[in-house]
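Per-entry structural report
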Amino acid sequence: MTDALKGPDGALRCPWALSTEDYVTYHDQEWGRPVHGDDALYERLCLEAFQSGLSWITILRRREGFRAAFADFKIAEVAAFTDEDKERLLADPGIIRNRAKIEATLANARVLADWSPGELDELIWSYAPDRASRPVPKTLADVPAVTDESTALAKTLKKRGIRFVGPTTAYALMQACGLVDDHLADCVARSAP
């Protein structure tokens, strides 16, 4: 038994991916694919934090607005943002104008700017579980929202000064960035074991 559903092209996919074309593209080309690089991982961390309490499609459809507003998530550039930049962000209709999330994004860039190059990448990927030890999900019920690894990652990030990241956000990051492969067993985008 599987929860994978046929898409318009006849291929089986995770059911969440079939509600919009934007989701199909994101699911097939990006979600669950390995992401490396401090700036790229900072972007995903920020977007997952902005998604908290909202649907992912809201973030996905504003992604280019986020990139424009936050200097393509280049840590060094965002770390140099001023109070005037914060006010600009709070007035930008192309992003989610949540003060706490914007302030966390800026504060996190300032923290990460003091890290060594590659340190964020190394830290996040050190929490990737051994793929062979994880069962391949057949149904959506087999996909967790939180794991021991995501709880530990969130705790470490918080201890290192990163804000607005809890175990659920950390697990969503792990899924989106390919630390885990939660595509269902019959999904066309599932990577080989």
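The protein goes by DNA-3-methyladenine glycosylase I in an unreviewed UniProt entry, where it is assigned to Streptomyces sporangiiformans.

Before going further, it helps to examine the packing of helix 9 (residues 148-159) against helix 10 (residues 167-176). Orientation of helix 9 relative to helix 10, taken along the N-to-C sense of each, is 110 degrees, at an axis distance of 8 Å. Comparing their axes, helix 10 and helix 9 come out roughly perpendicular. In the packing of helix 9 onto helix 10, the handedness of the crossing is right-handed. Contacts from E149, S150, T151, L153 and A154 of helix 9 reach helix 10 at P167, A170, Y171 and M174.

Turning our eyes to something else, we now look at the UniProt feature "binding site: Zn(2+)" (unreviewed entry) in the protein. The UniProt entry lists C14, H27, H183 and C187 under the feature "binding site: Zn(2+)" (unreviewed entry), expressed in the numbering used here. Annotated residues spanning 174 residues; largest pairwise C-alpha distance 10.2 Å, indicating a single compact cluster. For C14, the location among the structural elements is in the loop between strand 2 (12-13) and helix 1 (21-29). The class for C14 is buried, based on a relative accessible area of 1%. In this structure C14 touches H27, D182, H183, L184 and C187, once residues within four positions along its chain are discounted.

Turning our eyes to something else, we now look at the pattern of salt bridges. The tally for this structure, following the rule as stated, stands at 16 salt bridges. Note that R131 and D181 form a salt bridge whose closest N and O atoms lie 3.9 Å from each other. In this pair, R131 sits in the loop between helix 8 (119-125) and helix 9 while D181 sits in the segment after helix 10, placing the two residues 50 residues apart along the sequence. The exposure class of R131 is partly exposed, given its relative accessible area of 38%. Of the residues examined, D181 reaches a relative accessible area of 5% and is grouped as buried. Look at the salt bridges and you will find they share partners, linking E30, E43, R44, R63, E64 and R67 into a network.

With that out of the way, let us pick up the domain arrangement of the protein. Each domain of the protein was delimited in the assignment, giving domain 1 (5-31 + 184-190) and domain 2 (38-177). Using C-alpha coordinates to define each centre, domain 1 is positioned 23 Å away from domain 2. Counting residues at the interface gives ten residues for domain 1, matched by 14 residues for domain 2. Taken together, both faces of the contact between domain 1 and domain 2 bury some 1200 Å²; the carbon and sulfur share is 61%. Here domain 1 is connected to domain 2 by three salt bridges. On inspection of domain 1 and its partner domain 2, the count reaches five residue pairs in polar contact (both at pLDDT 80 or more).

Soluble, globular proteins show a tendency: their nonpolar side chains are buried together. By size, the foremost hydrophobic cluster in this structure holds 49 residues, and its most contacted members are Y42, F66, F70 and L157. A per-element tally of this core places helix 2 (residues 38-51) first, with six residues. The residues that make up this core include at least three from each of domain 1 (5-31 + 184-190) and domain 2 (38-177). Setting aside its immediate chain neighbours within four residues, Y42 contacts F73, I75, V78, T105, N108, A109, L112 and L120. In this structure, A4, C14, L184 and C187 belong to the second largest nonpolar core, which totals five residues.

Moving on to the packing of aromatic side chains. A complete count under the given rule lists nine aromatic pairs for this structure. When the ring of F70 is compared with that of F73, the centres are 5.6 Å apart and the planes differ by 20 degrees; the resulting orientation is stacked. The exposure classification of F70 matches that of F73, with both residues buried. Among the aromatic side chains, those forming a connected cluster through ring pairs are W16, Y23, Y26, W31 and W56. One residue, R160, lies across the ring of W115, its end atom 4.0 Å from the ring centre.

Rules used throughout
- Residues numbered from 1 in each chain as written.
- Predicted model: local features only at pLDDT ≥ 70, side-chain atom pairs only at ≥ 80, totals over all residues.
- Heavy atoms only, no water.
- Axes fitted to C-alpha atoms, helices over the stretch in contact; angles between N-to-C directions.
- Helix = DSSP H or I, 4+ residues; strand = E, 2+ residues; numbered from the N terminus.
- Parallel < 35°, antiparallel > 145°, perpendicular 65-115°, else oblique.
- Left-handed = near helix turned anticlockwise from the far one by under 90°.
- Contact = heavy atoms within 4.5 Å.
- UniProt positions renumbered as here; feature names shortened; annotations may be inferred.
- Buried < 20%, exposed > 50% of the residue type's maximum accessible area, 1.4 Å probe, protein only.
- Salt bridge = Lys/Arg side-chain N within 4 Å of Asp/Glu carboxyl O.
- Domains from an automatic or database assignment.
- Buried area = accessible area lost by both parts, 1.4 Å probe.
- Polar contact = N/O pair within 3.5 Å; in protein donor to acceptor, adjacent residues only side chain to side chain.
- Core = buried A, V, L, I, M, F, W, Y, C linked by side-chain atoms within 4.5 Å.
- Phe/Tyr/Trp six-rings, centres within 6.5 Å; stacked < 30°, edge-to-face > 60°.
- Lys NZ or Arg CZ within 6 Å of the ring centre and 35° of its normal.

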